[in-house]
There are 2 protein chains.
Amino acid sequence: MPEAPNSKDKVGVICRALRRAIIEQALEPGAKLPEDSLGERFGVSRTIARYALGQLASEGLVELRRNRIAVVVTPSWQDARDIFDIRMDLERLIVRKIAGKLSSSQIARLKAHVEAEREAHDGPNAVSIRLATEFHIMLASMTNSPVLVRYVSEIAYRCCLTLSLFSRPHSSECGISEHIAIIEALQEGDANKAMSLMHSHLDSVANRALVEPTPARGRDLLDVLAPYTEEAT
Amino acid sequence: MPEAPNSKDKVGVICRALRRAIIEQALEPGAKLPEDSLGERFGVSRTIARYALGQLASEGLVELRRNRIAVVVTPSWQDARDIFDIRMDLERLIVRKIAGKLSSSQIARLKAHVEAEREAHDGPNAVSIRLATEFHIMLASMTNSPVLVRYVSEIAYRCCLTLSLFSRPHSSECGISEHIAIIEALQEGDANKAMSLMHSHLDSVANRALVEPTPARGRDLLDVLAPYTEEAT
DNA sequence: CGTGCCCGAAGTGCATGCAATCGAGGAGAG
DNA sequence: CTCTCCTCGATTGCATGCACTTCGGGCACG
């Protein structure tokens, strides 16, 4: 648990705030994150802000460029495919691990969460997205595997990022009923059913989003040209 | 790619050095990592050393304790099980992804690496361990999935850590022939065979190591007592 | 009107300083 | 002789300062 809700942990506070801002799309890909402003905003010095940015960068949410202002990452279409792909496998794994093994209180918590999703459905889009993401993280945490929680959280956050890039504005209709179906399969202990439900759930989310490189749907020249630059070796 | 071999990147240099020291078991679990000493050793200020420790902590290799000297993590037996478990799935995934899709030059690189492993077999144990680990990372990198590479690297490093904790001193005989068999299955394009080979390979490594909580094989009182403390919820 | 250069402002890279905290070891009481 | 408390050195937590790099706008020139 690298980040307990310890009020003394300034770095953690900043990271959580930024992650949340990103997940709710208040911070879009490419948004600038100057150390000064961050420090000022959170009442700490640049040192701390810088450190927080480092952590976020290690999670793949922020891009650190030498001598340049840090920015929220702008995943390439290739990145997006990659991340969704791994996510698929990890979440199937999670579902397999917990199918039929949840306590009734855990089931209750899941259902309560989905209920919250439903309530938020008509509210601001950002909240819906966050809740939907948190549902998956909640599932992960029920495996009691810290590693899985970390990886799925990371990937889920990054998916939000790509959604805000590639999907059309609506798209928030993120399958609440699918979440419910998954919970039921989990409760029944039908691992295969749960896995296939999870699979199609994620698949539909991905397809809603990653419709294709969608020729010129990048933000600007820089992104449009990205596929044509060569630097990989 | 959060760490190009950029000579300007002091933090990266320190991280790599430390990772390598850990993987070669020059730094055992519990080893202290004071910021001053690190800084002095690498010719940088505490600021940088601290930053590097932060990165390592986010990878789960180092434990940061507030107001205390950072130490190399000492995985609990439970952690070890967890990590090996996930590793199993991730590496099976990798093997599935690349089976039959490797270019001949990639195969050649793999074979060359195993050859290096063989040559190092009679040398220092530490080198053997490192090479064996790097083989798995090499495999991961052939998926062209940065995320997978990151996760597998992280997990592989952590496995080394648990090995140095729980396995008896010898145990370096880390199945070079198994690596070869895997390469062959990969080359043939037989995904299932490759997956099952990988499975049994990792299983034998794990079993060689995680023989059981192995009553009193901890480093000192603190570790010996660990299984008897209760803090899990 | 477009192009290239230059300089000031903004921002990062890193070291250092000072206060706060931890813990090891010694002094003192029982 | 042992246990407890207290003090001092070791070490971290964090802010600040300074050098260097990058960015962006204005100005001269074509």
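Everything quoted here is computed from the prediction, not taken from an experiment.

**Q** How do you make sense of the overall build of chain A when you look at a structure like this?
**A** Helix and strand content of chain A: 10 helices and 3 strands. Its helices and strands in sequence order give chain A the pattern α-β-α-α-β-β-α-α-α-α-α-α-α, from N to C terminus. The long-range share in chain A, meaning contacts at least 24 apart out of those at least 6 apart in sequence, stands at 74%. Approximately 11900 Å² of chain A is accessible, and the part contributed by carbon and sulfur atoms is 52%.

**Q** Before we go on, may I ask you to explain the relation of the copies chain B and chain A in this structure?
**A** Put simply, the second copy of the chain is the first one after a rotation about an axis and a shift along it. After a rotation of 180° and a shift along the axis of 0.0 Å, chain B superposes on chain A with an RMSD of 0.0 Å. This pairing of chains is accounted for by a two-fold axis. A symmetric contact is evident, with 100% of the interface residues of chain B recurring at the interface of chain A.

**Q** I'm lost on the interface of chain B and chain A in this one. Help?
**A** Reports of interface size often rely on the accessible area that becomes lost once the parts have come together. Taken together, the contacts link 27 residues of chain B with 27 residues of chain A. Counting the contacts that link chain B with chain A gives 15 residue pairs in polar contact (both at pLDDT 80 or more). Secondary-structure elements contributing two or more residues to the side of chain B that touches chain A are helix 3 (46–58), helix 4 (77–98) and helix 7 (146–166) of chain B. At 9 residues, the largest contribution of residues to the side of chain B that touches chain A is made by helix 4 of chain B.

**Q** Is there a simple way to explain the sheet that holds strand 1 (residues 32–33) of chain A in this structure?
**A** Neighbouring strands of a sheet are bound in pairs by backbone hydrogen bonds; such pairs are parallel or else antiparallel. All names here are of chain A. On the basis of which strands lie adjacent, the open sheet formed by 3 strands has the order 1-3-2 and antiparallel pairing. With partners counted over all chains shown, the strands left at the sheet margins are strand 1 and strand 2 (62–63), one partner each. Note that strand 1 and strand 3 (residues 70–72) share 2 bridges and pair antiparallel. The residue bridging Leu33 from the neighbouring strand is Ala70, located in strand 3.

**Q** Even after reading the chapter, I still don't get the protein's contact with DNA strand D, so can you show me in this structure?
**A** DNA strand D sits among 17 residues. The nearest are Ser45(A), Thr47(A), Arg68(A), Arg46(B) and Arg50(B). For DNA strand D, the backbone makes up 69% of the atoms found within 4 Å of the protein, where backbone means sugar plus phosphate. Within the side chain of Arg46(A), a nitrogen or oxygen atom sits 3.3 Å from a base oxygen of DNA strand D. Within the contact set of DNA strand D, a phosphate oxygen lies 2.4 Å away from a side-chain nitrogen or oxygen of Arg68(A).

**Q** In this structure, what is going on with the confidence of the model for chain A? I would like to understand it.
**A** Low pLDDT marks stretches whose predicted atomic positions should not be read closely. Residue and element names in this part refer to chain A. Looking at chain A as a whole, its pLDDT mean stands at 85, while 83% of the residues score no less than 70. Of the regions scoring below 50 in pLDDT, residues 1–6 engages in 8 contacts with residues more than four places distant in sequence or in other chains. For the stretch residues 214–233, pLDDT sits under 50, and the model shows 7 contacts to residues farther than four places along the chain or on other chains.

**Q** It is not clear to me how the protein's contact with DNA strand C should be interpreted in this structure. Could you clarify?
**A** The environment of DNA strand C is formed by 17 residues, the closest being Arg46(A), Arg50(A), Ser45(B), Thr47(B) and Arg68(B). When the atoms of DNA strand C within 4 Å of the protein are grouped by moiety, sugar and phosphate amount to 70% of the total. Contact between DNA strand C and Ser45(B): a phosphate oxygen at 2.5 Å from a side-chain N or O atom of the residue. In the model, a base oxygen of DNA strand C is placed 3.3 Å from a nitrogen or oxygen of the Arg46(B) side chain.

Here is what the cut-offs are and how they apply
Residues numbered from 1 in each chain as written. Chains lettered and ligands numbered in written order. Predicted model: local features only at pLDDT ≥ 70, side-chain atom pairs only at ≥ 80, totals over all residues. Heavy atoms only, no water. Helix = DSSP H or I, 4+ residues; strand = E, 2+ residues; numbered from the N terminus. Contact = heavy atoms within 4.5 Å. Areas by Shrake-Rupley, 256 points an atom, 1.4 Å probe, with all protein chains shown as cover. Least-squares fit on C-alpha atoms with pLDDT ≥ 70 in both. Polar contact = N/O pair within 3.5 Å; in protein donor to acceptor, adjacent residues only side chain to side chain. Pairing = 2+ DSSP bridges. Near = heavy atom within 4 Å. pLDDT = per-residue confidence, 0-100.

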